[in-house]
Structure formats: structure tokens, C-alpha cells
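Examining the three-dimensional arrangement
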Amino acid sequence: MRAALLLMPLLLLAACKDEPNFDTRYDKAAKEIDARAKAMDADIAEAEKAAAAKGLQGEPKPSNPLPSSGE
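Let me begin by describing the structure that accompanies this report. Worth saying up front: this structure is predicted, and the values here are computed from it rather than measured. (Residues numbered from 1 in each chain as written. Predicted model: local features only at pLDDT ≥ 70, side-chain atom pairs only at ≥ 80, totals over all residues. Heavy atoms only, no water.)

Topic: the overall build of the protein
A tally of regular secondary structure across the protein gives two helices and zero strands. For the protein, the residues scored as buried account for 1% of the 71 residues in total. A total accessible area of about 7400 Å² is found for the protein, and carbon and sulfur atoms account for 61% of it. (Helix = DSSP H or I, 4+ residues; strand = E, 2+ residues; numbered from the N terminus. Buried < 20%, exposed > 50% of the residue type's maximum accessible area, 1.4 Å probe, protein only. Areas by Shrake-Rupley, 256 points an atom, 1.4 Å probe, with all protein chains shown as cover.)

What follows is the structure, encoded as C-alpha cells:
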């Protein structure tokens, strides 16, 4: 019982820990986003390299169909 009474102030102090400020949260989020972007770029580069090795990279399809002759 005494141990619980002695630990109570420590637990209360630990619960009152300050939240990180905006700049800290922003920097952390920016680092996570940057790491994800680099990982995606690496995955895309690897996929393009594999596709080129297999000869799957052809000419890109036109975004619009060729004009009709009208017939």
C-alpha cells in the first residue's frame, strides 16, 4: 500500500508530460513524408529497370485517338 502511495506522484508527473509543439510535429511529419517519397521513387525506379530488362517498355500510347478519315 505504501509503495502505491509513493509511486502515485511519479505517475501523475509522467501523465502531465508536455505535448510536442507544432514545429516538432511538423518536422517529424516532413521527415516521414520524405522517407516515403524516397521509398516510392526507389520502387518505381526498380520496376522501370525490371520492365526495361524484360523489354516491356514500349512506346507510350497517345492520349487521344488518331483522327478518323470520315468514312
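Here we look at the pattern of salt bridges
Per the stated rule, a full pass over the model turns up one salt bridge. The salt bridge involving aspartate 34 is made with lysine 38; its shortest N-O contact spans 3.5 Å. Placement of the pair is aspartate 34 and lysine 38 together in helix H2 (residues 22-54), with a separation of four residues, close to one helical turn. (Salt bridge = Lys/Arg side-chain N within 4 Å of Asp/Glu carboxyl O.)

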